[in-house]
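Secondary and tertiary structure notes
What follows is each chain in one-letter form.
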Amino acid sequence: MKKIYDLLQKIPFFSKFVISGIIYLITTIGYSNLTWQDLRARIPAVSKILYSKKLSVAYHIEQYRNNEKEKQSDEEDDGITSVSFLILKEENFYPKIQNTAILEPIVSTDIYSKVSGRIEKIFVNEGDKVKVGTKLLKLDSLVYELDLIKQKAALETSKAQLRLTHEKLFNAEKAVDAKWLEIEKRQLTFQKAKSEYLRIQEIFDKKKELFENKVISQEELSNIDLELQSRKTAMDSAEKDLEVISLGMRDIDIVNDGYTVPTKFQDRLKILKKINTKIERSEIEVAEKNIEVAEANIKASEMLIKEASVSSPIEGFVSKVNRSEGELINSGSGVSNPIITIIDVRKLLVTLAVNEKDIYRFKVGQDNFIYVDSMPDRKFAGKIKRINPAIDSKTHTTEIKIELSNNDNALRPGMFVRSETIVGDIKKAIQIPVSAIIPIDDKTGSVFVVKESKAFRVEIVIEEKLEDSAVIKSGLKDGDIIITSNLGKLYDGAQIKTTNI
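Rules used in this analysis
- Residues numbered from 1 in each chain as written.
- Predicted model: local features only at pLDDT ≥ 70, side-chain atom pairs only at ≥ 80, totals over all residues.
- Heavy atoms only, no water.
- Helix = DSSP H or I, 4+ residues; strand = E, 2+ residues; numbered from the N terminus.
- Contact = heavy atoms within 4.5 Å.
- Buried < 20%, exposed > 50% of the residue type's maximum accessible area, 1.4 Å probe, protein only.
- Pairing = 2+ DSSP bridges.
- Axes fitted to C-alpha atoms, helices over the stretch in contact; angles between N-to-C directions.
- Parallel < 35°, antiparallel > 145°, perpendicular 65-115°, else oblique.
- Left-handed = near helix turned anticlockwise from the far one by under 90°.
- Expected span 1.5 Å × (residues − 1).
- Core = buried A, V, L, I, M, F, W, Y, C linked by side-chain atoms within 4.5 Å.
- Nonpolar A, V, L, I, M, F, W, Y, C, P; charged D, E, K, R; others polar.
- Salt bridge = Lys/Arg side-chain N within 4 Å of Asp/Glu carboxyl O.
- Phe/Tyr/Trp six-rings, centres within 6.5 Å; stacked < 30°, edge-to-face > 60°.
- Lys NZ or Arg CZ within 6 Å of the ring centre and 35° of its normal.
- Patch = residues over 30% accessible without salt bridge, like charges linked within 9 Å, V, L, I, M, F, W, Y side chains within 5 Å.
- Areas by Shrake-Rupley, 256 points an atom, 1.4 Å probe, with all protein chains shown as cover.

**Structural notes on the side chain of T351**
Relative to the elements of secondary structure, T351 occurs in strand β11 (residues 340-355). Ignoring any residue separated from it by four or fewer positions in sequence, one finds T351 in contact with A101, E104, E399, I400 and K401.

Now the structure itself:
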């Protein structure tokens, strides 16, 4: 044995093969014994790899019990095998693919608050039906209400300031009119002083000529010179006053401010008013901006007060209430749990995991029927809405979405359902239980038919296997009687006793 072991050790990767095989065996044993049939049906690709009936303890226990029952029946019937039978009848057959899934809501909304605060009142409970606009909860909004009062007072102050600045502008424009009249008055004063100066200058020139001709005395010339200097001083003073009062009212001021000097007086006066009331106009702009800010603050506070009352954005049922009255919450959706969750159950979504070999048989718009174990007498109709174009590389399945109407609210999200998708046209066929077939391969097998209280083996060709039945392509006909139990004890010509005649 040691030589054989040493020889095996020389094989490349021998240890890895052995370890991998042991791990696979342990995984297969665990999967076969720790999973249930519904789960295995949902992931057929994994089940084909990991599930084995021979490694399932539950399967062997069931087989043992069946064998014991059959032994007891045989002993009671004196060697005649007691069997159950089924009379075959050709029926309408819909080619279909069966799957299992969990119902999900199409529309589910998590409710958060846009403002922070303490929950004052919650108006709904879990299970309540709500409509769009139904009030869900209210936060304490006292702080926002106080801010609103302050902001309204600030708005009134800003409006009063605006009225005051308009009054100041009005007065400033009146001052420009008064200033223009004063300029005209100063111009007249200057012209008068200048005329007087020129008149005295003319007299002085004549007197000076007379003095040079010794017609008048030095004293008389000095007196007229003093008069001339006085008139010049008055003229210069009037000119200076005119220049001072004309600041901001001159043509050069208009040009420097970027305007063209108009020819009409009224247009010129309008421009001069704009130039000389810049401060007052700026104060008006500031006051108007203050009003806009105050109004924006008021709208923000009113919005916060409004957002303190949270209403439902959709129609549906309250699925979850995660917070309590008096609890302090933060604004936004970044918190861990929503305050309330609302789901719309009028339309539900069924997500199927379809094996890649069956994908080509599904098309958008195909009819689909949903069955629920808790309502065996009802069938719910739906249609395929979306087919995921990508295939999961691990499970080799793709997702197919089915939209399901639920107007009477009979279904609930989270329910386990069985799905049947019609993938072909109606045709006549015979269907028999899979348990009645002795398999040869995937498409062929044999069954026992009853003739004159004896069992005879007949080979069949299987057209399609469903979840618990098979559609027969050939080998059986309408009216045949097949045996459905104790197949392991039967042989051609075996005497039988039927138990369900």
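**Observations concerning the pairing of β11**
Within β11, 13 of the 16 residues are buried, which leaves it mostly tucked inside the rest of the structure. When strand β4 (residues 96-111) meets β11, the two strands line up antiparallel, connected through eight bridges. When the bridges of β11 are listed, P105 appears paired with L348. Bridge analysis of strand β9 (residues 316-321) against β11 gives four bridges, and the strand direction is antiparallel. When the sheet's bridge partners are listed, V318 is paired in β11 with I342. Bridge analysis of β11 against strand β14 (residues 397-405) gives nine bridges, and the strand direction is antiparallel. Of the residues in β14, the one forming a bridge with K347 is S405.

**A word on the sheet that holds strand β8 (residues 309-311)**
One open sheet accounts for four strands, arranged β8-β7-β5-β10; its pairing is antiparallel. The open sheet is flanked by β8 and β10 (328-329), the only strands paired with a single partner. Bridge count for strand β5 (residues 117-122) against strand β7 (residues 135-139) is three bridges, and the pairing is antiparallel. Bridge pairing in β7 places I119 opposite L139.

**Observations concerning the packing of helix α6 (residues 142-212) against helix α9 (residues 265-275)**
Interhelical geometry of α6 versus α9 gives an angle of 125° and a closest axis separation of 10 Å. In terms of axis orientation, α6 runs oblique to α9. Viewed along their axes, α6 and α9 form a crossing whose handedness is right-handed. Facing E173, V176, D177 and W180 of α6, the residues of α9 in contact are F265, R268, L269, L272 and K273.

**Details of helix α10 (residues 278-307)**
An α-helix turns once every 3.6 residues. As a result, residues three or four positions apart point the same way. Taking 1.5 Å per residue, 30 residues should reach 44 Å; α10 reaches 43 Å between its end C-alpha atoms and fits that length. Buried within α10 are the following residues: E280, I284, A287, I291, A294, I298, S301 and E307. Buried positions along α10 lie against α6 and β8.

**A short note on the nonpolar core**
Counting 23 residues, the largest nonpolar core has V350 and L411 as the members making the most contacts within it. It is β11 that contributes the most residues to this core, six residues altogether. The contacts of L411, once residues within four sequence positions are left out, are L103, L348, V372, M375, F380, L404 and N406. Counting residues in each nonpolar core, the second largest holds 21 residues, with V176, L228, I254 and I275 among its members.

**Notes on the packing of α6 against helix α7 (residues 218-245)**
One way to put it is that α6 packs onto α7 with a least axis distance of 8 Å and a crossing angle of 160°. On the basis of their axis angle, the class for α6 and α7 is roughly antiparallel. α7 is crossed by α6, and the crossing has left-handed handedness. For the contact of α6 with α7, a count of residues per class yields 16 nonpolar, four polar and 14 charged.

**Structural notes on the pattern of salt bridges**
Taken as a whole and judged by the stated rule, the model has 28 salt bridges. The partner of R281 in a salt bridge is E173, and the shortest N-O contact between them spans 3.1 Å. Linking R281 in helix α10 with E173 in helix α6, this pair joins segments that are 108 residues apart in sequence. A salt bridge links R268 to D251; the shortest N-O distance between them is 2.6 Å. Of this pair, R268 sits in helix α9 while D251 sits in helix α8 (residues 251-256), and the two are 17 residues apart along the sequence.

**Examining α9**
Taken residue by residue, α9 has R268, L269, I271, L272, K273 and I275 as its buried positions. The secondary structure elements touched by the buried residues of α9 are α6, α8 and α10.

**Some points on the environment of I462**
Here I462 is to be found in strand β19 (residues 454-465). I462 sits in the buried class, given a relative accessible area of 4%. A C-alpha to C-alpha distance of 5.7 Å links I462 and T444, two positions 18 residues apart in sequence. Contacts of I462, omitting those with residues within four sequence positions, involve I437, D442, K443, T444, A470, V471 and K473.

**Some thoughts on the pairing of strand β12 (residues 367-372)**
The sheet contact formed by β12 and strand β13 (residues 375-387) spans five bridges and is antiparallel. Across the sheet, V372 pairs through a bridge with M375, a residue of β13. The hairpin turn running from β12 into β13, its antiparallel successor, is two residues long. When β12 meets strand β15 (residues 416-422), the two strands line up antiparallel, connected through five bridges. Its bridge partner being in β15, V372 is matched across the sheet by V417.

**What to know about the packing of aromatic side chains**
Counting across every chain of the model gives one aromatic pair. The ring of F369 carries the charged tip of K379 above its face, separated from the ring centre by 4.3 Å. Directly above the aromatic system of F317 lies the positively charged group of R412, at a separation of 5.6 Å from the ring centroid.

**As for a nonpolar patch on the surface**
Side chains of L25, I29 and L55 sit close together on the surface and give an oily, nonpolar patch of about 220 Å² of accessible area. Tracing the backbone shows L25 in helix α2 (residues 14-34).

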